[in-house]
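Observations on the model geometry
Each chain, written out:
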Protein chains: 2
Amino acid sequence: MIAEIICVGDELVLGEVLNTNAQFLSKELLSLGIDCKKHTIVKDKLNDIKYAINDACKTSNIIILTGGLGPTDDDITMQAIASTFDAYLSLNQDALKDIENFFQARNIKMPVSNKKQALIPNGATILKNPIGTAPGILWKIKENTFILSFPGIPYEMIEMWHKSAKNYLKNISSKNIIIKNLKHFGTPEAKIGEKIKDLMEKDNPQVAPYVENGTIRIRISSHNESKEKAEALLKNTEKAILNKTLEYFYGYDNDTLESVVGDLLKKYNLTLSTAESCTGGLISSKLTDISGSSEYIKLNLVTYSNEAKINMLNVEEQTLIKHGAVSPETAEEMAKGVQKLSGCAIGLGITGIAGPTGGTTEKPVGLVYIGICDDKKINIHKVQLNSKLPRFKIKALACNYALNYLRLFLTKK
Amino acid sequence: MIAEIICVGDELVLGEVLNTNAQFLSKELLSLGIDCKKHTIVKDKLNDIKYAINDACKTSNIIILTGGLGPTDDDITMQAIASTFDAYLSLNQDALKDIENFFQARNIKMPVSNKKQALIPNGATILKNPIGTAPGILWKIKENTFILSFPGIPYEMIEMWHKSAKNYLKNISSKNIIIKNLKHFGTPEAKIGEKIKDLMEKDNPQVAPYVENGTIRIRISSHNESKEKAEALLKNTEKAILNKTLEYFYGYDNDTLESVVGDLLKKYNLTLSTAESCTGGLISSKLTDISGSSEYIKLNLVTYSNEAKINMLNVEEQTLIKHGAVSPETAEEMAKGVQKLSGCAIGLGITGIAGPTGGTTEKPVGLVYIGICDDKKINIHKVQLNSKLPRFKIKALACNYALNYLRLFLTKK
């Protein structure tokens, strides 16, 4: 089964609204073993919608539309569907009852315009909308070709998907698709790409790397008529990849550097305290994005000024004068200082130049020093990020480098 | 001029990544007076990309592609463009130099695979990528038909758009569209919607509200053959809106709560120190996203544990025992404590329940107390956010509420 998603709405094509519906539906389809081929986003124009539907029918069995089911005259998705398949719209009494009940329940007189939402292509079944007025439709056009239509309002669409459409499509899907992501940090995408070049050339399982904030996620997608076969295929490919990338591998799917660090801290029953300068609290915020992080996070500091570094962390004034605030020496004293101040098992200090100003030839924007210590040892790391990156990006990357060095520090324990 | 956007990438079609590029480009095109007809999102498959390009050429003059320019073998957008227009790919020496320099600057040996990114369709001009390795292209296929290709990484694409593509397209566009965003905080979207209902019904200027993390952005878009007329139209609508919404208005277009707070602190030459619990450093991170924030940010704390609140901020143990860590009393003592500790003019304390666990019937998830003080006065605010929201969302909303109360505190000075 191959699906295509068509999202209808001027607000989407003009960029006024971010299209989250297509992403939601693609994920859901994949979880049912239905492969999505394409997303098409068109305006509320009859011919554009019809063209998209006809085009989708050429290659896909399942065409899912969202949007254009409102009560106003510019909402014409049902018209477009009907006219594409030479059907006519007729008033669906069940749908009308639901809409009337919707307003009755709210003691509101039903606006005349809402009656339009009960006009359904003859032959189609309605998908009830438990939280809004616009019903959707499910329509088997011919053997192995299905048209589904949902309102554009995400929470209505999502509710209707889970209540009805999902199970229907689950039953007509045969293929088993299994997906697993392997997450890596600390090496360029190209390097990883070269290592797994041979695997990336295969069609099944499909192997593809993606980068975000320095994390390289390798997605393995395998499919087979038999779920067991698909799983076996995936397992072998996973092994083959990790054989070559293990040194950079940190987790699967929803694992993040902060969640992995959190798991390690809990595993070894350790507490952590951070002293941030250039990242300004981002590391602390990421660490506390994890529910239950209060087990290992007690006190974090953002020591932005030299005074704060001296007064709070006992960084030597001489260190700042001799080596500067952005130096391995300062990073070391920040880590030790915050560990002592907090009484935590592990201290992390980070100092750098987030830019866009403040860089020099010796110390360009993007230069970052990270110190990590416990009672026994301290590691200092130097990172030079791309000086041209925007400030928020340098913060995000510096944060991930720090979390990854922290992960390695904890792994080696 | 009519444009179409084609986004290439399995990760988009499979729903693994939210497509923000199409929205950004549509908005930008609109601001240049270029109407976007359609978005098409396809996988990294040669024939799918070629089909989309050919299809777009039937109706549009400007075809913008994003994605598929990476160094790995699955990135084939350049190939697809070249083969669609019967061109061949040739090694572009400028592009190669840029890529080599990118790695030299980082003292990294250029991976062989990156050389592929310098292969450009003959006839196309390269769009330099100042922050990544993949150059884009700008290619005038024939009179009034232009192909543009950008990397899929949003911040690279955005940088390249502003640096080169935008001005080029501005020159070939005729229509004058002017867009202005009015940003508001502290009232529900529906309330704002009611206030400006009449304005929202007009076609030109077009008025539309959008919400994100509690911020309500009202977008005004006006067009006219004459730039002056378009500006006058917009100005009148802006006045009419602010007449009804001024109490919630905080800024325009790229203004953020943290940038507005930063401007006020600089204006009054004040310093600020924060003590965060439930937001875990997010407020500090947001404040330091602003370049030059070191002028007013010196020391911020994340006091996650009761001990940290007591030891660092001198919160009374009795306060925590009697009223709990999430209470107006604790928020007040945190604000006063961090102001005293840091010696800053203004102190902010925030404590709450980010969830998903830790809520009770008296103190549900999403309950947040914010204290803001200077030497003269202290304000305490209670916020109850939707308990069902995910943890990161509650953190983001609590952060924005705190920044907005801070803004009001500073405005009233």
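Look up: the structure comes first, before these words.
Reference entry: report on the structure contained in this document. (Residues numbered from 1 in each chain as written. Chains lettered and ligands numbered in written order. Predicted model: local features only at pLDDT ≥ 70, side-chain atom pairs only at ≥ 80, totals over all residues. Heavy atoms only, no water.)

1. Points about the overall build of chain A
A tally of helices and strands in chain A yields 15 helices and 17 strands. For a compact globule of 413 residues, the expected C-alpha radius of gyration is about 22 Å, and chain A comes in at 28 Å, more than 25% above that figure. Once the C-alpha set of chain A is aligned to its principal axes, its extents read approximately 85 × 50 × 40 Å. The buried share of chain A, reckoned over its 413 residues, is 56%. Taking as baseline every contact in chain A between residues at least 6 positions apart, the subset at least 24 positions apart corresponds to 67%. (Helix = DSSP H or I, 4+ residues; strand = E, 2+ residues; numbered from the N terminus. Rg over C-alpha atoms; globule rule 2.2 N^0.38 Å. Buried < 20%, exposed > 50% of the residue type's maximum accessible area, 1.4 Å probe, protein only. Contact = heavy atoms within 4.5 Å.)

2. Things to note about the pattern of salt bridges
Residue and element names in this part refer to chain A. Counted under the stated rule, the structure contains 37 salt bridges over all chains. In this structure, the salt-bridge partner of Asp55 is Lys38, at a minimum N-O distance of 3.1 Å. Of this pair, Asp55 sits in helix α3 (residues 46-59) while Lys38 sits in strand β2 (residues 35-42), placing them 17 residues apart in sequence. Accessibility expressed as a relative area gives 6% for Asp55, which makes it buried. By relative accessible area, Lys38 is classed as buried at 7%. The shortest N-O distance in the salt bridge between Glu100 and Lys97 comes to 3.1 Å. Separated by three residues within a single helix, Glu100 and Lys97 lie in helix α5 (residues 93-105), roughly one turn from each other. (Salt bridge = Lys/Arg side-chain N within 4 Å of Asp/Glu carboxyl O.)

3. Some details on the interface of chain B and chain A
Across the boundary between the two partners, chain B contributes 75 residues, which contact 75 residues of chain A. For the pair chain B and chain A, the summed buried area comes to about 6100 Å², and 53% of that belongs to carbon and sulfur atoms. On the surface where chain B and chain A come into contact, there are eleven salt bridges. Asp35 of chain A serves as the salt-bridge partner of Lys43 of chain B, at 2.8 Å between the closest nitrogen and oxygen. In this structure, the connection of chain B to chain A is made through 49 residue pairs in polar contact (both at pLDDT 80 or more). Here the side of chain B that touches chain A is built from residues that sort into 30 nonpolar, 25 polar and 20 charged. Here strand β14 (residues 299-303) of chain A runs beside strand β14 (residues 299-303) of chain B; their pairing, made up of five bridges, is antiparallel. (Buried area = accessible area lost by both parts, 1.4 Å probe. Polar contact = N/O pair within 3.5 Å; in protein donor to acceptor, adjacent residues only side chain to side chain. Nonpolar A, V, L, I, M, F, W, Y, C, P; charged D, E, K, R; others polar. Pairing = 2+ DSSP bridges.)

4. Some thoughts on the packing of helix α12 (residues 306-313) of chain A against helix α14 (residues 328-342) of chain A
Residue and element names in this part refer to chain A. For the pair α12 and α14, the least separation of the axes is 9 Å and the interaxial angle reads 45°. Classed by the angle they form, the pair α12 and α14 counts as oblique. Considering only the axes of α12 and α14, their crossing is left-handed. For the pair α12 and α14, the contacting residues are Lys309, Met312 and Leu313 in the first and Thr330, Glu333, Met334, Gly337, Val338 and Leu341 in the second. In terms of residue class, the contact of α12 with α14 is made up of five nonpolar, two polar and two charged. (Axes fitted to C-alpha atoms, helices over the stretch in contact; angles between N-to-C directions. Parallel < 35°, antiparallel > 145°, perpendicular 65-115°, else oblique. Left-handed = near helix turned anticlockwise from the far one by under 90°.)

5. Points about the packing of aromatic side chains
Per the counting criterion, the structure on display carries 14 aromatic pairs over all chains. For the ring pair Phe150 of chain A and Trp161 of chain A, a centre distance of 6.3 Å and an interplane angle of 55° mean the geometry is tilted. Of this pair, Phe150 of chain A sits in strand β8 (residues 145-150) while Trp161 of chain A is found in helix α6 (residues 154-172), placing the two residues eleven residues apart along the sequence. You can call Trp161 of chain A buried: its relative accessible area is 0%. Consider the rings of Phe102 of chain B and Phe103 of chain B, whose centres lie 5.4 Å apart with planes at 80°: the pair is edge-to-face. One exposure class covers both Phe102 of chain B and Phe103 of chain B, and it is buried. Grouped by ring-pair contacts, the aromatic residues Phe185, Tyr401 and Tyr405 of chain A constitute a single cluster. Between the NZ or CZ atom of Lys377 of chain A and the centre of the ring of Phe409 of chain A, over which it lies, the distance is 4.1 Å. Taking NZ or CZ as reference, Lys180 of chain B lies 4.5 Å from the ring centre of Tyr252 of chain B, over its face. (Phe/Tyr/Trp six-rings, centres within 6.5 Å; stacked < 30°, edge-to-face > 60°. Lys NZ or Arg CZ within 6 Å of the ring centre and 35° of its normal.)

6. A few points about helix α9 (residues 227-245) of chain A
For α9 of chain A, spanning 19 residues, the distance from its first C-alpha to its last is 27 Å, which sits close to the expected 27 Å at 1.5 Å a residue. In this fold, the buried residues of α9 of chain A make contact with β9 (176-185), α7 (189-195), α8 (197-200), β10 (206-212), β11 (215-224) and β12 (249-252) of chain A. (Expected span 1.5 Å × (residues − 1).)

7. Some remarks on the nonpolar core
Membership of the largest hydrophobic core comes to 51 residues, with the highest contact counts inside it found for Trp161 of chain A together with Trp161 of chain B. Setting aside residues no more than four positions away along its own chain, Trp161 of chain A makes contact with Phe24, Leu25, Glu28, Leu29, Leu32, Ile64, Phe150, Lys166 and Leu169 of chain A. Counting residues in each nonpolar core, the second largest holds 43 residues, with Leu264, Leu282, Tyr296 and Val368 of chain A among its members. (Core = buried A, V, L, I, M, F, W, Y, C linked by side-chain atoms within 4.5 Å.)

8. Overview of the side chain of Asn386 of chain A
With respect to the element layout, Asn386 of chain A can be found in the loop between β17 (378-384) and α15 (391-411). Using a relative accessible area of 8% as the deciding quantity, one classes Asn386 of chain A as buried. At a separation of 2.9 Å, a polar atom in the side chain of Asn386 of chain A contacts the main-chain amide nitrogen of Lys388 of chain A. Non-local contacts of Asn386 of chain A, meaning those with residues more than four positions away in its chain, are made with Ile394 of chain A together with Phe102, Arg106, Pro130 and Ile131 of chain B.

9. Quick word on unusual backbone geometry
With omega at -5°, the peptide bond leading from Asn204 of chain A into Pro205 of chain A counts as cis. Along the chain, the position of Pro205 of chain A falls in the loop between α8 and β10. Cis geometry marks the peptide bond from Gly355 of chain B to Pro356 of chain B; its omega dihedral reads 0°. Along the chain, the position of Pro356 of chain B falls in the loop between β15 (346-352) and β16 (367-373). Not every positive phi belongs to a glycine, and Asp86 of chain A is a case in point at roughly 50°. Within the secondary structure layout, Asp86 of chain A lies in the loop between α4 (77-84) and β4 (89-91). Classification of Asp86 of chain A as exposed rests on a relative accessible area of 73%. We note that Asn213 of chain A has phi near 45°; this positive angle belongs to a residue other than glycine. Of note, Asn213 of chain A is situated in the loop between β10 and β11.

10. Some remarks on a nonpolar patch on the surface
On the surface, Ile131, Ile153 and Tyr155 of chain A cluster together into a nonpolar patch covering about 280 Å² of accessible area. Ile131 of chain A sits in the partly exposed class, given a relative accessible area of 31%. (Patch = residues over 30% accessible without salt bridge, like charges linked within 9 Å, V, L, I, M, F, W, Y side chains within 5 Å. Areas by Shrake-Rupley, 256 points an atom, 1.4 Å probe, with all protein chains shown as cover.)

11. Thoughts on the sheet that holds β9 of chain A
Residues and elements named next belong to chain A. The strand order across the open sheet formed by four strands is β10-β11-β9-β12, and the pairing between neighbours is antiparallel. Both edges of this open sheet fall to β10 and β12, since each of them pairs with a single strand only. Geometrically, the sheet is characterised by an average inter-axis angle of 25° between neighbouring strands, direction not taken into account. Both β9 and β12 contribute to a ladder of three bridges, which runs antiparallel. Bridge pairing in β12 links His184 to Phe249. Contacting β9, β10, β11 and β12, α9 crosses the sheet at an angle of about 15° to β9.

12. Observations concerning the environment of Asp253 of chain A
Residues and elements named next belong to chain A. Among the structural elements, Asp253 can be located in the loop between β12 and α10 (257-267). The class of Asp253 is partly exposed, set by a relative accessible area of 30%. With 45 residues separating them along the chain, Asp253 and Ala208 place their C-alpha atoms 14 Å apart. Not counting the four nearest positions on each side in its chain, Asp253 is found in contact with Ile179, Lys180, Asn181 and Lys183. A polar atom in the side chain of Asp253 sits 2.7 Å from the backbone nitrogen of Asn181.

13. A few points about the pairing of strand β8 (residues 145-150) of chain B
Residue and element names in this part refer to chain B. Burial analysis of β8 places six of its six residues in the buried class, the great majority of the element. Alternating positions in β8 separate into two faces, Thr145, Ile147 and Ser149 on one and Phe146, Leu148 and Phe150 on the other, with burial throughout. Note: strand β7 (residues 136-142) against β8, five bridges, orientation antiparallel. Pairing of Ile137 across the sheet is with Ser149, part of β8.

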